[in-house]
Structure formats: structure tokens, C-alpha cells
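Chain and residue survey
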Amino acid sequence: MAPAELGKLRHDLIDAARAIIGAGGLLSEAADMEGYLTDWRRRYTGEALAVALPSGAGQVSELVKACRALGVAIVPQGGNTGFAGGAVPTKDRPALLLNLSRMNRIREVDVANNSFVAEAGCVLEMVRQEAQNAGKLFPLLLGSAGSCQVGGLVATNAGGTGVLRYGNMRDLVLGLEVVLPDGSLWNGLKSLRKDNSGYDLKQFFIGAEGTLGIITAASLKLFPLPDKSASAMVAVPDVQAAVDLLHMFMERTGRRVEAFELMSRGQIESILANTHVRQSPMELTTPWFILIELADSSVDFEPERLFETILGEALERGLVSDAVIAGDSTKANKIWELRHSASEANVRKGFSVANDTSVPISKLPEFLETVERRLLGEIEQADVFHVGHIGDGNIHVVVVLDRERYADQSDREQAAALANHIVHGVSVDLGGSISAEHGIGMMHAAELEQFKSALDLRMMRAIKTAFDPENLMNPGKVLRR
Ligand code: FAD
């Protein structure tokens, strides 16, 4: 677009947006917009005509109508903690960045129905606290809990450490309110556990990464608040032992496994070297470690004793070589602080290329052995770490490239693309997926075309066209065309 034409478009958009949300909710100076236009990993920087911070669903609807009239693309953004480059605009389409942070009210808590309605901009940590204040648990938990928001969590179908017991975000959503690409406001905010009255429309928007509409509020499930818990860090000799240990815990604890996470020794060492966490709760004498939490509120539940019984048996079977059990919350926090510092450590250590594949749990040993061998053989000066959710078959394979060796951007991008391609290929060959919980965004849009079948892509494009025929919603994300 010619500069004069772009200037006029910017002017018209700012005028229209200001009339809808007032000057206070609109940013248009480059310095003010900067923080919204680069992703958390600092891998993508985009461009926007303006950043709008609406305070209600009605304003979102009017903003979308204004963008549509001007032919301006809309990029929804929550906490901007996404890992797939989905929340920043591309540079090839004039866009309005629509940040939902100001829409942060809990509209309703229905304790008797075990549900609550939160606006899209509610931060996860605050949502969990509100649930706790009502004597309930909202179980989703990620390392980004202090920044990620309900809209982003729904749009990415986020996972985290609680999926094994409670499911991912899709399993926690009862209803949604969404502004569609033509500006109409869809009220699907039901709080029902059963509703078979035709197509389940909310499912289209969960995991759609803002390409089909803007989520303005969600009705979410609540659970009983566990009042007893304990955590353990366990040293295991190999990944097969970790998988066997998972089965033991699933069979012997009566569904009380709150989290079951795998970390490689290299990942823990990187955390100790690159973050505020300076000490491991146990000596790092084996190549693999498991972090486990058991939690419940039943009267006969004694988590420390349960740990001792199961781990004692595992020790005899040679599945475990050492373990530390933390009965109080201070010690438990030390264990979980390690897990939640992994992403920060990897970004600090070098140029971090994280993968988010899932494979059937039975294939995890073969998957991890194969990817590590290939990555170390095919990519120069790379560290390979593993961290993630073993119970979901979703171990993040992280390749950290040396900053000096990969100072040149095109070299770096080439190595990153190769790393992703190797991990995705091995995963799909073993019946897995290229994205388990982070989504596709712009980071994996090209890879999606290679790893999804032609029929999958045809159905996805048909859905996109039905909702958004003018391709205004988050263009270039998930589907490139
Ligand atoms: P954003 O990053 O702002 O947006 C993500 C996507 O959703 C974009 O495509 C955006 O356009 C779209 N979107 C945002 N808001 C809306 C809306 N209201 N309507 C429609 N579309 C919208 N993820 C996991 O799944 N599991 C983890 O364990 C995990 N751990 C993490 C740890 C750290 C330290 C960090 C930084 C991130 C982690 N993440 C994890 C990734 C990230 O936090 C999640 O993807 C989260 O769901 C993103 O939420 P957000 O509000 O930051 O969304």
C-alpha cells in the first residue's frame, strides 16, 4: 500500500476507534505500541495502525465493524505470553491490535453450579484466587499464570500441569461470548454440562487462535478445592521407567495425581545456571527427573504415606533411584519453582526453539531417543533439553542455539526451522501431533501445510471462510491462505 494511502487509513481508523472507546483506550504512537508488537520470546515483531484497549463487549463489536468497513485486519491479544507468534500482527496487512486486558471482570460466580463467568482479560492467577475465595478450584495452571488471560487461554486451548486430572482448557469451558468477524455479538454463555441442541458452536472458537472471532467472556468450570497435598521430585534412570512410574501412580492413587512432569538433567542444570533458582531439591545423578503432586480433600487421604508406599515399591522394581518428598508447601514450592522456570531459563541461555509435540505415551521413549540423536547430529552447537507433561504425551523438546554461533538471523531461522521440522517429523511418524497445547500461530503455519492431510486442510479452510470470508481475523495465523 502506498504511504499516503496507508496514512489516510491510519487516520480514518484512529478517528473511528477514538469515537468508540475514547482517547484513553487507544494507543497510536510507536513508543506506546512497542510493547504490544513483539512476542514473549522476542522472535516476532509486527506492525499495527493502532492498539485498542476496549472496556466492554459492545465496544469490541463496534471496533470490529469499523475495521471491517475500512478493510483493516484485527489481531486479538491477551497477555501476549503465547509461544506460537499468534498474538502479534504480521507486517503484510494493515491491522488493529485489539488487546482485551481492560475487560477483566468476574461477572458471576455460581458456587452451586460449580461455574463462573469471567471476561476475556481476566488474568489466570486472579481467576484462580477468585475461585479459591469462593472455596473452589479453577485447575488450569501454567508458568505464565501471572500474565496470561482467559481469552488467550481459550483461544489457544491451553494445557499446563493440570491436564492429566482436569483436562485442557477445552474441557473447562461451558460457554462463550464471542464477537464474530462481521461485528455481531454471539451470546453462547450457557453454564450447562449437557446441551445437545445442534452443533456445539463454542468449540469452533476454542483453539482457533483468534482466527474465527474475538472471545469476550467465558463460562468456566469449578472443582472441589483439595485441602491436602504433597509433592515429590524423583530420579529415574530412563524415559521408560518414567512411563512405568506414571502408570503405577495412576493405578494406585485413585485419580489423585494433580501433576506429573518430566525434566531432563540438562534442563534443570540450565535453570540453575540462568534463573534465580540456584539449588536443586536433590542431587542430579540420573539423566531424568519426575515432579509429582498428589492432592485431594477426602478424609482418608494421606499424601505423604501414599508417596512413601508407591515410591518404596518403585525403588524395589528399579524404576526409581532417589526421591525427595515435600509435605509442606514451602518445600513443595521449591520443587515446582524449578518446573515453572524452564521457559525463562531457555530464553536466557540462548536462542530457544521450543517444540510442542504430543505422541501416544507408549511411544515417548522412542520419540525422545530419536529426536535427541537427530538434533545433536544435524544441528551444530545446540543444546537439547526436555521438559513437559508426560501424562499427556506432551514433552517439549527445546533446542537452545548458541548466541554467538547463530548471531546471523537467517542462519538462526534456518536452524530453528530444521529443529522444528525434525521434531515434527518424528512425532507425526509415531502417530503424534505438531502442536499439543501452544497452537500454530504464525510459527508453524507452513509446517501445518506439510503435516496435515489435504482433507484436514480443506475442512479447516471451509470453516475459516464460513466465519470470516474477508479474512479479517488474525490473518496469517494457523492457515496462511
Ligand atoms: P496471547 O499470547 O495474547 O494470545 C495467544 C493467541 O490467542 C493469539 O493467537 C491471540 O490472537 C489469541 N487470542 C488472545 N486473546 C484472544 C481473545 N480474547 N479472543 C480470541 N483470540 C484471542 N501454554 C500451555 O499451554 N501450557 C504451558 O504449560 C505453558 N507454559 C508457559 C510458561 C511460560 C513462562 C510462558 C511465557 C508461556 C507458557 N505457555 C504455556 C504459553 C501461553 O501462556 C499460553 O499459550 C496462553 O494460553 C496464552 O495466553 P495469553 O493471554 O497470553 O494469549
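Data block above holds the structure.
Described in the following lines is the structure provided in the data block. Nothing here was measured: the structure is a model prediction, and the numbers come from that model.

So, how was this worked out
- Numbers given to residues run from 1 along each chain, matching the order in which its sequence is written.
- Note on the predicted model: pLDDT of at least 70 is required for a residue's local features to be given, and 80 or more for side-chain atom pairs to be given and counted; whole-chain, interface and lining totals, by contrast, use all residues.
- Side-chain numbers here rest on the full set of heavy atoms in the structure, without hydrogens or water.
- Classification of residues uses two cut-offs on accessible area relative to the type maximum, computed with a 1.4 Å probe and protein chains only: under 20% is buried, over 50% is exposed, and between them is partly exposed.
- Counting from the N terminus, the helices are the DSSP runs of H or I reaching at least four residues and the strands are the DSSP runs of E reaching at least two.
- Strand pairing is assigned whenever DSSP detects at least two bridges linking the two strands.
- Put simply, buried Ala, Val, Leu, Ile, Met, Phe, Trp, Tyr and Cys residues joined by side-chain atoms within 4.5 Å make one nonpolar core.
- Every residue pair with non-hydrogen atoms within 4.5 Å of one another is taken to be in contact.
- The angle between two axes is taken between their N-to-C directions and runs from 0 to 180 degrees, where each axis is a line fitted to C-alpha atoms and a helix contributes only its stretch in contact.
- When at least one non-hydrogen atom of a residue lies within 4 Å of a molecule or strand, that residue is treated as near it.
- Polar contact is defined as a pair of N or O atoms within 3.5 Å, subject to the rule that within protein one atom must be able to donate a hydrogen and the other to accept it, and that residues adjacent in sequence are counted only when both atoms are side-chain atoms.
- Here, Shrake-Rupley sampling with a 1.4 Å probe gives the accessible areas, and only protein chains in the shown set may cover a residue.
- Each residue gets one of three labels, nonpolar for Ala, Val, Leu, Ile, Met, Phe, Trp, Tyr, Cys and Pro, charged for Asp, Glu, Lys and Arg, and polar for the others, Gly among them.
- Paired rings are identified among Phe, Tyr and Trp, the last through its six-membered ring, by centres lying within 6.5 Å, and are further divided according to the angle between planes into stacked (under 30 degrees), edge-to-face (over 60) and tilted (the rest).
- Whether a charge sits over a ring comes down to the Lys NZ or Arg CZ being within 6 Å of the ring centre and within 35 degrees of the ring normal.
- Each angle gets one of four labels, with under 35 degrees taken as roughly parallel, over 145 as roughly antiparallel, 65 to 115 as roughly perpendicular, and the rest as oblique.
- A crossing counts as left-handed when the near helix is turned anticlockwise from the far one by less than a right angle, and as right-handed when that turn is clockwise.
- The salt bridge definition used is simple: a Lys or Arg side-chain nitrogen within 4 Å of an Asp or Glu carboxyl oxygen.

Moving on, we get to the pairing of strand β8 (residues 173-179). By the criterion of burial, β8 is predominantly enclosed, with 7 of the 7 residues buried. In this structure, β8 lies alongside strand β10 (residues 214-221), joined through 6 bridges in antiparallel fashion. Each residue of the ladder has a partner; that of Val173, found in β10, is Leu220. Two strands pair when backbone bridges link them, and β8 and strand β9 (residues 185-188) are joined in this way by 4 bridges, in the antiparallel orientation. Paired with Val178 across the bridge in β9 is Trp186. Between the end of β8 and the start of β9, which pair antiparallel, lie 5 residues, with Gly183 showing a positive phi angle near 95°.

Attention shifts here to the nonpolar core. In globular proteins that are soluble, nonpolar side chains generally tend to be buried together. One finds Leu245, Phe249, Phe367 and Leu375 to be the most contacted residues of the largest nonpolar core, which totals 51 residues. By residue number, the principal contributor to this core is helix α9 (residues 239-252), which donates 8 residues. For Phe367, the residues in contact, after removing those within four places along its chain, are Thr357, Val359, Ile395, Val397, Val423, Val426, Ser427 and Leu430.

Below, the discussion takes up the environment of Ser270. The residue Ser270 is located in helix α10 (residues 265-274) in this model. Of the residues examined, Ser270 reaches a relative accessible area of 5% and is grouped as buried. For the pair formed by Ser270 and Arg348, sequence separation is 78 residues and the distance between their alpha carbons is 9.3 Å. When residues no more than four places from it in sequence are discounted, the contact partners of Ser270 are Ala345, Asn346, Lys349 and Phe385.

Another aspect to go through is the environment of Arg128. By the secondary structure assignment, Arg128 is in helix α4 (residues 124-133). By relative accessible area, Arg128 is classed as partly exposed at 25%. C-alpha separation for the pair Arg128 and Leu141, spaced 13 residues apart in sequence, amounts to 8.7 Å. Residue contacts for Arg128: discarding those within four places in its chain leaves Phe138, Pro139, Leu140 and Leu141.

This part covers the sheet that holds β10. Spatially, β5-β6-β10-β8-β9 is the arrangement adopted by the 5 strands of the open sheet, whose pairing is antiparallel. Since the sheet does not close on itself, it has two edges, and those belong to β5 (106-110) and β9, each with one partner. In this sheet, adjacent strand axes meet at a mean angle of 15° when their direction is disregarded. With 5 bridges joining them, strand β6 (residues 115-119) and β10 adopt antiparallel strand pairing. Bridge pairing links Ala118 to Ala218 in β10. In the packing of helix α3 (residues 57-70) onto the sheet, contacts are made with β8, β9 and β10, and the angle to β8 comes to roughly 45°.

Another point: the site of the ligand. For the ligand, the set of nearby residues contains 36 residues, the closest of which are Pro76, Gly78, Thr81, Gly82 and Ser144. At 3.0 Å from a nitrogen atom of the ligand is found a side-chain nitrogen or oxygen belonging to Glu437. When the ligand sits alone it has 980 Å² of accessible area, and the protein chains cover 96% of it. Secondary-structure elements contributing two or more residues to the shell around the ligand are β3 (73-77), α5 (150-156) and β10. With 5 residues, α5 is the largest single contributor of residues to the shell around the ligand. Of the residues assigned to the shell around the ligand, the class counts are 13 nonpolar, 21 polar and 2 charged.

A complete count under the given rule lists 8 aromatic pairs for this structure. For the ring pair Phe205 and Phe467, a centre distance of 5.3 Å and an interplane angle of 75° mean the geometry is edge-to-face. With Phe205 in helix α8 (residues 202-205) and Phe467 in helix α17 (residues 454-467), this residue pair connects regions lying 262 residues apart in the sequence. Accessibility expressed as a relative area gives 4% for Phe205, which makes it buried. The exposure class of Phe467 is partly exposed, given its relative accessible area of 23%. Here the basic side chain of Arg405 rests over the ring of Tyr406, its NZ or CZ set 4.4 Å away from the ring centre. One cation-aromatic arrangement involves Arg412 over Phe351; the distance from NZ or CZ to the ring centre is 4.9 Å.

What follows deals with the packing of helix α1 (residues 3-21) against α3. Packed helices, taken two at a time, are described by the angle between their axes plus the distance between the axes. For the pair α1 and α3, interaxial distance at closest approach is 10 Å and the crossing angle is 160°. When the interaxial angle is binned, α1 and α3 end up roughly antiparallel. Taken as a pair, α1 and α3 cross one another with a handedness that is right-handed. Across from Leu9, Asp12, Leu13, Ala16, Ala17, Ile20 and Ile21 in α1, the residues of α3 making contact are Gln59, Glu62, Leu63, Ala66, Cys67 and Leu70.

Turning our attention to the pattern of salt bridges. Per the stated rule, a full pass over the model turns up 25 salt bridges. In this structure, Glu119 and Arg107 form a salt bridge, with 3.2 Å as the shortest nitrogen-oxygen distance. Of this pair, Glu119 sits in strand β6 while Arg107 sits in strand β5; the two residues are 12 residues apart in sequence, bridging distant segments of the chain. According to the relative accessible area criterion, Glu119 is buried, its value standing at 3%. A salt bridge links Glu261 to Arg339, with the nearest nitrogen and oxygen atoms 2.6 Å apart. Highlighted residues: Glu261 in strand β13 (residues 257-264) and Arg339 in helix α12 (residues 329-340), separated in sequence by 78 residues. You'll find Glu261 and Arg339 in the same group, each marked buried.

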